[in-house]
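Residues per chain are reported as follows:
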Amino acid sequence: MIAAHLPAIQVLGPLLAAALCVLVPWKRVSWGIAMAGAVTAFGAAVGLLSRVLGGEDIRYALGGWAAPWGIEYRVDAVNGLVLLIVAGIGVVVTLFALTSVEREVDERRIPLFYGAWMLCLCGLLGIAITGDAFNIFVFLEISSLGTYALIAMGSDRRALVSAFRYLIMGSIGASFIVIGIGLLYVETGTLNLADLAERLPALYGERTVLVAFAFLTVGTSLKLALFPLHVWLPDAYAFAPSAVTGLIAATSTKVAVYVLLRFFFTVFGVTYSFGELSLGMWLLPLALVAIFTMSLVAIFQRNIKRMLAYSSVAQIGYIILGISFASVTGLTAATLHLFNHALMKGALFLALGCVMYRVGSVHIDALRGLGRRMPWTMAAFTAGGLSLIGVPLTVGFVSKWYLVLGALEQGMWPVAALVLVTSTLAVVYIWRVVEAVYFGEPSARADSVSEAPLRLLVPTWALIAANLYFGIDASLTTNVAGQAARALLGGAP
Amino acid sequence: MRDQIILRIAAKILIGPIFLFALYVQFHGDYGPGGGFQAGVIFAAGVILYALVFGLDRARAVIPTAIVTWCGTLGVLIFAGVGVAAMFMGGNFLDYGVLLYDAEHAQHIGILLVEAGVLVTVFGVMVTLFYSFAGRRRSR
């Protein structure tokens, strides 16, 4: 019975956990429920992806109403991978949250925190799994509302302002998306993604479809923080509780990228979005500017969480760059980087969470000389940084490799060169931290701290291990990413 | 506003029918416009009117904050519970058709239960919002 219902369980686990988390007054029990929800989701994601890789097309009709009338959950290689990313990161970060959140979040709010935490996870998984356009919007709102609440629970008072700013920007993005979906519904009379894909080619000339496309593109770009729509992101990442930063940095922008992929390739089709509208010409410069300027800005940040946040915007640029090629190699690079960036940013933010736990600050001056006091944490940070730069034997190298291949395939030598040059910018901002940590004189406060507890180090190192493992043996990830890229370009979902 | 006799009496007269109307909207939802969301809002409006006229403390004495918060999550559990029950009885998630002996009655009871969940949650969240905004200055 369970196998047939895996798509429903995928979303239901976190949803039920969210409700139960709030009902219990004990913070540890609340965490246990959240952990159970995350593990359930992860199990479901693994089951679904393995069945998809076995060549199965998974469809699940909610309420027994067949598509296109009812809401349908549909899993292929693309969202199978996204589900695995989100659920996997969910488990690791929830493990991390137990200790980290008790330090950073008001005691009485912890059950509510885990409620919002599970809602966020539920929403993200829902966006990824659903085959219904309006359902995407609903889950987008669920995950966003959860995220706003989570960010606002940061210990810094500025967390409130940044959560509010994200709320405004996120709501604008969501309304653009719902307007786009509404226009598509008006034009086609259907909300099912596969059905939309079938009906749209006949309507390519219509202005309504063009406007819907524009609204969806801008709305989703806001959600995934594509330059220049990224202004909400740095503050939101910097002031959220450490565990929250780890969760949203590794998952929420990735899910938004997935939505973009779904609409560009599956729904509108590559001939429309990249052929007729030559979207690649628009995405390519934006991606390059994002990579270049945001990496530069990252170099001058003194708050390391903020620095990594700007680096995230740059990394999203790499993903968009891969998408802009609209080729199998480009899309493989983009989907690979989706997975790989989640691993590296997750690991880096968790390492900073360890620092936050012991030192209480992630300012670069507070990190000075910590290399001797917190060797494991700092080794994790350095390894994550190497992965971010794209050093061989890490996942960063694998995605950069495919990205450069994709650029060369298009004959874009300058773009390939730029990808390599901008990697050196990552060297600069990571080196600043490494230098401070290992060669700086420890401040009085840093001198007295000890290594982070194992309960924080284990999840951090789990992600670092994944960074190294998938960097050395990339056959699984490249295989799935390649399959996803072919599924996207093949038109049918 | 406790000294405003007209307001007080008017509120007393109105609150009962408001609750009744909420139930009407709730059960009418199966056949026409209406349903759990609207009914939940109307129900909450009754409580909010009471709180506005008779004061937040008396409203909280009738419906404590803890219960309201519980309502907010309980509704989600009712909704999901119906869906899961359908899964255990051999249907898909939220497939009400399998809940009872014949599909027609089962669909009816299924949507009724789900709408009840929606009512409870919407009521809970609405009143929670009101309580937290109204009680903001006091808690400082």
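Since this is a predicted model, take the numbers as computed values, not measurements. (Residues numbered from 1 in each chain as written. Chains lettered and ligands numbered in written order. Predicted model: local features only at pLDDT ≥ 70, side-chain atom pairs only at ≥ 80, totals over all residues.)

### Comments concerning the packing of helix α4 (residues 110-129) of chain A against helix α10 (residues 242-267) of chain A
Residue and element names in this part refer to chain A. Interaxial distance between α4 and α10 falls to 9 Å at its minimum, and their mutual angle equals 25°. In terms of orientation, α4 and α10 fall into the roughly parallel class. In this structure, the crossing between α4 and α10 has a hand that is left-handed. Of the residues in α10, those in contact with Cys120, Leu124, Ile127 and Ala128 of α4 are Leu247, Thr251, Ser252, Val255, Tyr258 and Val259. Considering only residue class, the contact of α4 with α10 consists of 8 nonpolar, 2 polar and no charged. (Axes fitted to C-alpha atoms, helices over the stretch in contact; angles between N-to-C directions. Helix = DSSP H or I, 4+ residues; strand = E, 2+ residues; numbered from the N terminus. Parallel < 35°, antiparallel > 145°, perpendicular 65-115°, else oblique. Left-handed = near helix turned anticlockwise from the far one by under 90°. Contact = placed C-beta atoms within 7 Å. Nonpolar A, V, L, I, M, F, W, Y, C, P; charged D, E, K, R; others polar.)

### Let's talk about unusual backbone geometry
Residues and elements named next belong to chain A. A cis geometry characterises the amide bond from phenylalanine 227 onward to proline 228, with omega recorded as 0°. Along the chain, the position of proline 228 falls in the loop between α8 (207-224) and α9 (233-239). Of note in this structure, serine 278 is not a glycine but carries a positive phi near 40°. Take serine 278: it is sitting in the loop between α11 (270-276) and α12 (279-299). The exposed category is assigned to serine 278, around which 11 C-beta atoms lie within 10 Å. (Buried ≥ 20, exposed ≤ 12 C-beta atoms within 10 Å, placed from the backbone.)

### Notes on the interface of chain A and chain B
If you look at the interface, chain A gives 13 residues, while chain B gives 12 residues. Put simply, the parts of the chain that give the side of chain A that touches chain B at least two residues each are α1 (6-23) and β1 (58-61) of chain A. For the side of chain A that touches chain B, the leading source of residues is α1(A), giving 7 residues. Split by residue class, the side of chain A that touches chain B holds 10 nonpolar, 3 polar and no charged.

### Considerations on the confidence of the model for chain B
Per-residue pLDDT for chain B has a mean of 87; in total, 96% of the residues score no lower than 70. Taken element by element, chain B is modelled with least confidence in helix α6 (residues 136-139) of chain B, mean pLDDT 62, and with most confidence in helix α2 (residues 36-54) of chain B, mean pLDDT 92. (pLDDT = per-residue confidence, 0-100.)

### Here's the deal with the environment of A:Gly123
Residue and element names in this part refer to chain A. Counting through the fold element by element, glycine 123 comes out in helix α4. Judged by the 27 C-beta atoms lying within 10 Å of it, glycine 123 is buried. Distance in space between the C-alpha atoms of glycine 123 and alanine 44 is 15 Å, their sequence separation being 79 residues. Residues contacting glycine 123, with those up to four places away along its chain left out, are Phe139, Leu140, Ile142, Ser143 and Gly146.

### Brief notes about helix α18 (residues 395-409) of chain A
Residues and elements named next belong to chain A. Relative to the 21 Å expected for 15 residues at 1.5 Å per residue, α18 spans 21 Å between its end C-alpha atoms, a close match to the ideal helical length. Most of α18 is tucked away: 11 of the 15 residues are buried. Looking only at α18, the buried set comprises Val395, Gly396, Phe397, Val398, Ser399, Lys400, Tyr402, Leu403, Val404, Gly406 and Ala407. Looking at the buried residues of α18, the elements they touch are α13 (304-325), α14 (328-359), α17 (375-389), α19 (413-439) and α21 (454-472). (Expected span 1.5 Å × (residues − 1).)

### Description of the packing of α1(A) against helix α4 (residues 65-88) of chain B
It is at 9 Å that the axes of α1(A) and α4(B) come closest, and there the two elements cross at 150°. Taken together, the axes of α1(A) and α4(B) lie roughly antiparallel to each other. Considering how the two elements wind past one another, α1(A) and α4(B) form a crossing that is left-handed. Judged by residue contacts, A:Ala8, A:Leu12, A:Leu15, A:Leu16, A:Ala19, A:Val22 and A:Leu23 of α1(A) engage B:Trp70, B:Thr73, B:Val76, B:Leu77, B:Ala80 and B:Met87 from α4(B). Taken together, the residues that form the contact of α1(A) with α4(B) break down as 12 nonpolar, 1 polar and no charged.

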